[in-house]
Amino acid sequence: MNSQQARLAVVVKGWPRLSETFIAQELVALEQAGIGFEVWSLRHPTDTKTHPLHDRLRARVRYLPEYLRDEPARVVRGLLAARRLPGFRDAWRLLRADYVRDRTPNRLRRFGQACVMATEMPQAVQGLYAHFLHTPSSVARYTAVLRGLPWAFSAHAKDIWTSPEWELREKLSAAHNGATFGATCTHIGADHLRALADRQDRVDLVYHGLDLARFPEPPERPLRKVSDPLALVSVGRLVEKKGFDRLIDALALLPEDLDWHWTHIGGGSLKPALHERAAQHGIAARISWRGACDQPEVIAAMRAADLFVLPSRVARDGDRDGLPNVLMEAASQKLAILSTPVSAIPEFIETGVEGVLCADDPETLADRIAGIAGDPLGTAAMAEAAYRKLIAQFRMEPGIAHLARRLDTMLDAPR
C-alpha cells in the first residue's frame, strides 16, 4: 500500500520475528480487512529465517534508529524538527515526569525514537497502534502527543507483568495521554489491566486465535500402542519462563523402559546451560535441538510427534506466558498437550479434558509424561477435544473483526 494512504502507524519491537507469529498473523489479517498502515520497528531483524506469513504483509516497514548513536544525523534532525511541533511542550513534560521515575538511557532512547517517528511519519497518519505495552507503547505515546494523535495498544504477557504499576496506570489514563483503547489476549491480563485503568472499557479482551487457513488439516493419527516409542516436541524460546530446565530434569526421571525422544524448536539465551544440563543427566543423545525454525518446519515436527510439552512458569522477574499460540497450533494438528496452569493456559486447556496441566516440578512432569505414554486412548480423546475447542472458540476471525472496528473508530474520531 502507498505510504500516503496509510492512516495508521503500527509500532513493533522488531520485524520480522520468528517468535511473534501472533503479531504477523494479526497484521496480515488487518491488512486484508482494509486497514491501511505502515509498520515502524524499533529494532532490525536478527532471525536468519522468516515465516511464509511475513512475506504476505504488503505494508511498508520503516526502521527507527535502534540506538540513537547509530544514526546521529537522523536523530538530530528529528529532535530539531520535533521542537516545532505543537505537541512538543506536552511531550517534553511527559518525558520529564517519566524520567524522574525511570532514569535510564532506554527512556531517553524512546523519546529520541519518537521524535524521529513523529517528524518522518506521513501527514495522512491519523493514529498509532503499538504491540506490547512497554517500550513500543512508550514510543507510540510520545509520538502521539507530539503529533496530537490518538494511540492504542495490544498487550501480551511480559509487558503486563514486568512493567511498573505507575507506568501501566498512566498509559491507561486519559489524564496522562493514555491510550484510546487497548486489547489484550487473555482474561487474566484483561482483568489486571482493567483494575489499573481509569475506565473498564478502555481494555478489551481479544484472543489472537488461529488463522486455520494457514495450517493443514490434522493428520490421521493411528492409535499409539503403549509399547511404542514416545516422540515429544516443544516449541519456545530457551528462557526461564518456558521451564525447559525442569523438563530436562523430568526427562531424566522417566522410567527406563519408556523409549522416548524429545525435540526442541527455538533459540534463546539459556541454550548452552540447557545443553550442558542434558549432558550431565546423560540424556543428550535422546534430545534433538532444532534451533529456530519457520512455520512449515514447526508444523511438520508437530505432525510427527505424539506429545507437545510446554512447562511454563513465572520467572523470577515476574515474566510469564499469556496464552501461547503454540498450544493452539499443536491442537490444530490433534497433538496431545501437556502444560502447566500458568497465566491464561487454563483458558484454553482444562486439565483432563483438552490436555493435561500439572505442577512444573520435575517429579510431577515425569509422572504425567509416563501417564500419558501409558494411556493412548485417553490421550487421543483429549487431543480431539482440544481440536474441537480450537475450532469452536479460538478462531482468529472474531478478534480481527473486533479490532478492526475499534481501530476504524479511533481513526475516524473528530479531532
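Residues numbered from 1 in each chain as written. Predicted model: local features only at pLDDT ≥ 70, side-chain atom pairs only at ≥ 80, totals over all residues. Heavy atoms only, no water.

Q: So what exactly am I meant to see when it comes to the overall build of the chain here?
A: Helix and strand counts for the chain stand at 16 helices and 13 strands. Relative to the compact-globule value of 22 Å for 415 residues, the chain shows a C-alpha radius of gyration of 23 Å, a close match. C-alpha extents for the chain along the principal axes are approximately 75 × 40 × 40 Å. Counted over contacts in the chain with a minimum sequence separation of 6, partners at least 24 positions apart contribute 76%. (Helix = DSSP H or I, 4+ residues; strand = E, 2+ residues; numbered from the N terminus. Rg over C-alpha atoms; globule rule 2.2 N^0.38 Å. Contact = heavy atoms within 4.5 Å.)

Q: I keep staring at the pattern of salt bridges and nothing clicks. Help me out?
A: Two side chains that carry opposite charge are able to pair once their charged atoms sit near each other. Summed over all chains, the structure comprises 33 salt bridges. In this structure, the salt-bridge partner of D98 is R141, at a minimum N-O distance of 3.5 Å. Taken together, the positions of D98 in helix α4 (residues 88-101) and R141 in helix α6 (residues 135-147) put the pair 43 residues apart, joining distant regions of the chain. Here the two residues D98 and R141 agree in accessibility, since each one is buried. Close ionic contact of R169 with E165 constitutes a salt bridge, the shortest N to O distance being 2.9 Å. Of this pair, R169 and E165 both sit in helix α8 (residues 165-171), 4 residues apart, which is roughly one turn of the helix. Taking relative accessible area as the criterion, E165 reaches 46% and is therefore assigned partly exposed. (Salt bridge = Lys/Arg side-chain N within 4 Å of Asp/Glu carboxyl O. Buried < 20%, exposed > 50% of the residue type's maximum accessible area, 1.4 Å probe, protein only.)

Q: I tried to follow helix α14 (residues 362-373) on my own but got confused; where do I start?
A: Residues that lie three or four places apart on an α-helix share one face, since the helix turns once every 3.6 residues. Here α14 contains 12 residues, and its C-alpha end-to-end distance of 16 Å stays within 8% of the 16 Å for a straight helix at 1.5 Å per residue. Considering only its buried residues, α14 is in contact with β8 (230-235), α10 (244-251), β11 (307-310), β12 (336-339), β13 (356-357) and α15 (376-393). (Expected span 1.5 Å × (residues − 1).)

Q: Any chance you could explain the pairing of β11 here in plain terms?
A: Within a regular strand, side chains alternate between the sheet's two faces. Side-chain alternation along β11 places L307 and V309 on one buried face and F308 and L310 on a second face that is also buried. Bridge count for β11 against β12 is 4 bridges, and the pairing is parallel. Within β12, the residue paired with F308 across the bridge is I337. With helix α13 (residues 325-332) bridging β11 and the parallel β12, this β-α-β connection has right-handed handedness. (Pairing = 2+ DSSP bridges. Right-handed = clockwise from strand over helix to strand, strands pointing away.)

Q: What exactly am I supposed to notice about the packing of aromatic side chains here?
A: The description of an aromatic ring pair rests on the distance of the ring centres and on the angle between the ring planes. Enumeration over the complete set of coordinates arrives at 10 aromatic pairs. Ring centres 6.4 Å apart and planes at 70° place the aromatic pair F22 and F132 in the edge-to-face group. Residue F22 is found in helix α1 (residues 21-32), and its partner F132 is found in the loop between β4 (127-131) and α6; the two are separated by 110 residues along the sequence. Summarising the aromatic geometry, the rings of F348 and F394 are spaced 5.1 Å apart at their centres and angled 75° between planes, so their arrangement reads as edge-to-face. With F348 in the loop between β12 and β13 and F394 in the loop between α15 and α16 (397-412), the pair connects residues that are 46 residues apart, well separated along the chain. Classification of F348 by relative accessible area gives buried; the value is 0%. Judged by its relative accessible area of 2%, F394 falls in the buried class. Taken together, F88, W92, F111 and Y142 form an aromatic cluster joined through their ring pairs. Over the ring of F132 we find K13; its NZ or CZ atom is 4.2 Å from the centre of that ring. (Phe/Tyr/Trp six-rings, centres within 6.5 Å; stacked < 30°, edge-to-face > 60°. Lys NZ or Arg CZ within 6 Å of the ring centre and 35° of its normal.)

Q: Help me out: how do you make sense of the sheet that holds β13 in this one?
A: Paired through their backbone hydrogen bonds, the strands of a sheet run either parallel or antiparallel. Within the open sheet, the 6 strands sit side by side as β10-β9-β8-β11-β12-β13. Their pairing is parallel. Both outer strands of the open sheet, β10 (287-291) and β13, are each paired with one neighbouring strand and no more. For β8 and β11, the ladder comprises 2 bridges, and the chain directions are parallel. The residue of β11 that forms the bridge with V233 is F308.

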